[in-house]
Amino acid sequence: MKTNFKYNIIWFIIMVAGFYLMNTLILVGVINTFIENMLVTIGINIILATGLNLIIGFAGQFSLGHAGFMAIGAYATAIITQTATTPVGFYLSVFAGIVVSIIAALIVGIPTLRLRGDYLAIATMGAAEIIRIIINNMKITGGAAGIFNIPQLASWPTVYIMVCVTTIIIVNFIHSRGGRAVTSVREDEIAAEAMGINIFKWKLAAFVLGAATAAVAGSLHASFLQTISPNDFGIMESISILIIVVLGGVGSITGTFVAAIVLGVLDTVLQDFGALRMVIYAVALVLIMIFKPSGILGTWEFSIKRIFNRFKRKERVEQ
Amino acid sequence: MKKSAIKKVVSFAAIVMTAGIFAGCSTAKTQTKGNTQTGNTVKIGVNMELSGAAAGYGNSQKQGIQLAAQQINKNGGINVNGKKKKIKLIIRDNKTSTTTSASVAAQLTNNDKVSAIVGPATTNAGTAEIPNITKAAVPSVSPSATDPNYTKQKNGKVQPYVFRACYQNNFQGGTAAKFMTNNLKAKRVAVYADNSSDYGTGLAKAFKKSFKGTIVDSQYFSEGDKDFNAVLTSFKSKKIDAIYVPGYYTEVGLIVKQARQNGINVPIVGSDGMADPKLAQIAGDKNASKVYYTTPFSDDVAKSNPTAVKFMNEYKAKYHADAPTFSALAYDSVYMIKSAIESEKSADSVKIAQGLAKIKNFDGVTGKITINKNHDPEKPIAIEQLTNGKVSNSFNIK
Amino acid sequence: MQTVFQQIINGLSLGSIYALLALGYTMVYGIIKLINFAHGDIYMLGAFWGYYVINVWHFNFISALLSAMLVGAASGVIIEYFAYRPLRHSPRITALITAIGVSFFLENGMSYLFSSNTRDFPQIIKQVNYNLGGVLISNIQILILVTACILMVLLQLIIKKTKMGRAMRAVSVDPDAAELVGININWTISFTFALGSALAGAAGVLIGLYYNSIDPLMGMTPGIKAFVAAVLGGIGSVPGASVGGFLIGILETFFQSIGLSAYKDAVVYFVLIVILLIMPAGIFGKNTKEKV
């Protein structure tokens, strides 16, 4: 307990340091609106992809419906902050988005999580599409035009803090008893069940937690971009989140961070290439997958604990 | 030993951070608003849908923009307070995505330091651009963002840096409704709208609001659909006088084709998204009869308008095809920026925005344009009729 | 009543298109358990090939169709060789991402080379409508329906009766054991890709002719629908793919005809989820028991 606390404190310090670093760079002018925009997009993608990585990488459930839960968060924020234009209203809307997406995740997850592999993927994709089509045909959501002129209540500090909070929650979940249960379900369902683990419950837990973080990302997306439309949350959005997860390494949170940053930067750099951008992107994607099939980092995880242990060992040797 | 090491690191980090914060404070500087134009070129950014779902329309618009820039540069450039300056286009693709559109807008305004932006083509990508261009005080003219509220802020005030070259939905939908009642004498109308963008749903809504007769049925299709037989068959049994199909030529062309093949011969009325020679190609010439659409760019207008004639000829010479409305609107957007620069005698972005708001009786390809207080263009609207795939008639609607 | 029959015809002709595409999906999935996202784009390639050979070289319909099948088969084999073969022993999700990458590459590469404009497909067969007691059916609809049925039977024969088909089934059940008994796995998989992709190429020409409109992104929506059809029918099963395709076509038509056009895709997905819950491996899928 005490050691875990220590590592969390160290992480916390790193996060605060990162915050001040960003702040300074913005004040100095190294980070302008354009780079800030890119960083926020990367941050939102990190939240989405860590959530999906929890479902795919740690629970082993192939979900293709992440954009649907993101849509719920985004629309909750867009609708609530239209009338409650205050930071309190924003956090209220984030909370509302989380609640609604948890309900949706339960409705989707309880029946479909009995399915396996690709069948689950196609069912979750269908569920996300149903959510999107319903949003597309509702009055309160503005239909196909979506909602714009959403007040900007989330700027980069909010996104930064949310990235930290969701990552801490997910990482701590993975390292908790529940996380080990979830991982055992991925490794071997039957063995896990034999050990007395309620496999369905833990699958669902991972799915719901992932959906909740997706809703947070959706809220941030809506509030930062100030405009949303149902087309932002189609199958392609789910796929682009999936690409981040697989590219970084299924089962590696660090990898997700790296992949989100690499893809975010690549996407912005490719803006200079006009019509060729997506061709280059596609080729890069295929090549990375062929030469690094398990993703950039595989299942490797950056861990302060390990670094400390190495120090400790060295000291012992020196002594 | 170890603890002290951590302490050292932490205290060091703290010192660096505090230093950083102070450094930050001391460099906080005052910035002039907007991008000032320097050098011998006027930079115009293009934030356009060159890939993704709306790529077809985006590329048409890109051609219009490039043609306009080429013409202006050939004639010496833009007259900025007595000095002729050439246009430098900076074209960036927004993938038909709101996120990317915002990022492209930020890059154009902050890194490329453009004086004005043309684009995006769709309302959603357009609204995503607004926060960044407003922050940077750079005006943008969208050739085809049609949502009525696109140029308005939440409180109803006009967005200072947002302009458009196209009609807004209410105007176009209302005109179609009038035409249905007055010219076609249609009493029972079915609506079949594209509901994957605000364009189709917005027009359908506007049409339904102002149409006096009965709306028998209203159905929706989505972008990329190719089979419309089911809905058309259900229309067939409902004794309709006309069908209103707000959407783009890619899908509406197929609707026209399949309607005629199903034996539905009532008039089909649409919007300027149909005003493209490809409509008749997709529908087949013999099917494209009794097809009407609202457009700023009718043959009648074109014949009496030397700007339009010139545009159509040069477009044909350059791209070996008839000019679609999207290209014409994009072409006008560039010339509107030029006219704003010349009347304000400055290519600074804030000045251009002021100039754009004051445009009056501007001679565009798509008619005489006056920008009203909502930053919408006021220009004549016409309805063209296709017979056997060719424009056979055009009506002026007041 | 006429309307009802007309809607059945509409549903069947839409369904035959989905079935035609779903057959290719199901074959590839059956053998290497890969959702070949690029399948819809091979269909697009076939359509563009047909467009060019008819317009430029003035091929007639049959030769355009056959050459499009060859082009489809060749591109399928090339894609498999370069993009999927190196990943045969990697996690399946990696291969899936590669397939998505290939799909992006084909869509955007074609947009880059030939512009993303919609083109009209040359009307090489004149469309004729037959009026059967008020119900309209066109010759091309019949052509597509008949082709889909013939191809389905042919595929079933190849898989069940030929030596190659036996090899395909063996590889699909257990690749290692198949290799032990002397089956050339690489060759078998290439053959499957060729067969599935040839179907997509043929579908490209047929559907291009039917709808008369092609564009580089045309493979996306029907690709996903056909995939859903394949899953619905039980992915890996040839009759399943056809049944799934027809079922989705008819469902879509039905819900549009009763005025739910805005929700037609949602309803299809809903039915899909319900069927998967009742039959977790699709209608014709074999539900393998898990052993400890």
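All of these numbers come straight from a predicted model, not from anything done at the bench.

Parameters at a glance
- Residues numbered from 1 in each chain as written.
- Chains lettered and ligands numbered in written order.
- Predicted model: local features only at pLDDT ≥ 70, side-chain atom pairs only at ≥ 80, totals over all residues.
- Helix = DSSP H or I, 4+ residues; strand = E, 2+ residues; numbered from the N terminus.
- Buried ≥ 20, exposed ≤ 12 C-beta atoms within 10 Å, placed from the backbone.
- Contact = placed C-beta atoms within 7 Å.
- Domains from an automatic or database assignment.
- UniProt positions renumbered as here; feature names shortened; annotations may be inferred.
- Pairing = 2+ DSSP bridges.
- Right-handed = clockwise from strand over helix to strand, strands pointing away.
- Axes fitted to C-alpha atoms, helices over the stretch in contact; angles between N-to-C directions.
- Parallel < 35°, antiparallel > 145°, perpendicular 65-115°, else oblique.
- Nonpolar A, V, L, I, M, F, W, Y, C, P; charged D, E, K, R; others polar.
- pLDDT = per-residue confidence, 0-100.

### A short note on the overall build of chain A
At step 1: When helices and strands are counted, chain A shows 13 helices and 2 strands.
At step 2: Expressed along its principal axes, the backbone C-alpha trace of chain A runs to roughly 70 × 55 × 45 Å.
At step 3: Split into buried and exposed, the 319 residues of chain A put 54% on the buried side.
At step 4: For chain A, long-range pairs separated by at least 24 residues make up 80% of all intrachain contacts whose partners lie at least 6 apart in sequence.

### Here we look at the domain arrangement of chain A
At step 1: Examined at the domain level, chain A breaks down into domain 1 (1–31) and domain 2 (41–242).
At step 2: One C-alpha centre belongs to domain 1 of chain A, the other to domain 2 of chain A; they are set 26 Å apart.

### Digging into the UniProt feature "transmembrane region" (unreviewed entry) in chain A
Residue and element names in this part refer to chain A.
At step 1: Taking the UniProt record as the reference, the feature "transmembrane region" (unreviewed entry) is found at residues 9–32, 38–60, 67–84, 90–110, 155–174, 239–266 and 278–300.
At step 2: Across residues 9–32, the secondary structure splits into 83% helix and 0% strand, with the terminal C-alpha atoms separated by 31 Å.
At step 3: Across residues 155–174 one finds 95% helix and 0% strand; the C-alpha atoms that close the span lie 29 Å apart.

### Looking at the pairing of strand β11 (residues 291–295) of chain B
All names here are of chain B.
At step 1: Most of β11 sits out of view: 5 of its 5 residues are buried.
At step 2: The alternating pattern of β11 places V291, Y293 and T295 on one face and Y292 and T294 on the opposite face, and all of these are buried.
At step 3: Looking at chain direction, strand β10 (residues 268–270) and β11 are connected through 3 bridges and run parallel. Of the residues in β11, the one forming a bridge with I268 is V291.
At step 4: You can see the chain leave β10, run along helix α9 (residues 277–283) and come back into β11, and the turn it takes is right-handed.
At step 5: Where β11 lies against strand β15 (residues 382–387), 5 bridges are found, and the strand directions are antiparallel. Paired with T294 across the two strands is I383, which belongs to β15.

### Description of the packing of helix α2 (residues 33–58) of chain A against helix α10 (residues 235–248) of chain A
A pair of packed helices is characterised by two quantities: the angle between their axes and the separation of those axes.
All names here are of chain A.
At step 1: Relative orientation of the contacting elements α2 and α10 amounts to 70 degrees, with a least axis distance of 9 Å. As summarised for this structure, α2 and α10 are arranged roughly perpendicular, according to the angle between their axes. Packed against α2, whose contacting residues are N45, L48, A49, L52, N53, I56 and G57, the element α10 presents I241, L242, I244 and V245 at the interface.
At step 2: Within the contact of α2 with α10, the residues separate by chemical class into 8 nonpolar, 3 polar and no charged.

### Overview of the pairing of strand β7 (residues 188–194) of chain B
All names here are of chain B.
At step 1: Within β7, 6 of the 7 residues are buried, leaving the element largely enclosed by the surrounding structure.
At step 2: With respect to chirality, the unit in which β7 leads through helix α6 (residues 198–210) into the neighbouring parallel strand β8 (residues 214–221) is right-handed.
At step 3: Here 3 bridges tie β7 to strand β9 (residues 242–244), and the two strands are oriented parallel to one another. When the sheet's bridge partners are listed, A190 is paired in β9 with I243.

### Considering the confidence of the model for chain C
Close reading of the predicted structure is inappropriate where its pLDDT is low.
Residues and elements named next belong to chain C.
At step 1: Across chain C, the average pLDDT comes to 89, with 98% of residues at 70 or higher.
At step 2: Ranking the helices and strands of chain C by mean pLDDT puts helix α2 (residues 39–56) first, with 94, and strand β1 (residues 129–132) last, with 84.
At step 3: In the predicted complex, the global pTM is 0.90; the interface-specific ipTM is 0.89.

### Observations regarding the UniProt feature "transmembrane region" (unreviewed entry) in chain C
Residues and elements named next belong to chain C.
At step 1: According to UniProt, the "transmembrane region" (unreviewed entry) feature falls on residues 12–35, 42–59, 65–83, 95–115, 135–159, 191–211, 226–254 and 266–285.
At step 2: Within the segment residues 95–115, helix and strand shares are 95% and 0% respectively, and the terminal C-alpha atoms sit 29 Å apart.
At step 3: In residues 135–159, the share of helix is 84% and the share of strand is 16%. The end C-alpha atoms are 37 Å apart.

### Details of the interface of chain C and chain A
At step 1: In this complex, chain C contributes 36 residues to the contact, which on the side of chain A involves 35 residues.
At step 2: Broken down by secondary-structure element, the contributors of at least two residues to the side of chain C that touches chain A are α4 (92–114), α9 (220–233) and α11 (264–278) of chain C.
At step 3: Each residue belonging to the side of chain C that touches chain A can be placed in one class, and the counts come to 27 nonpolar, 7 polar and 2 charged.

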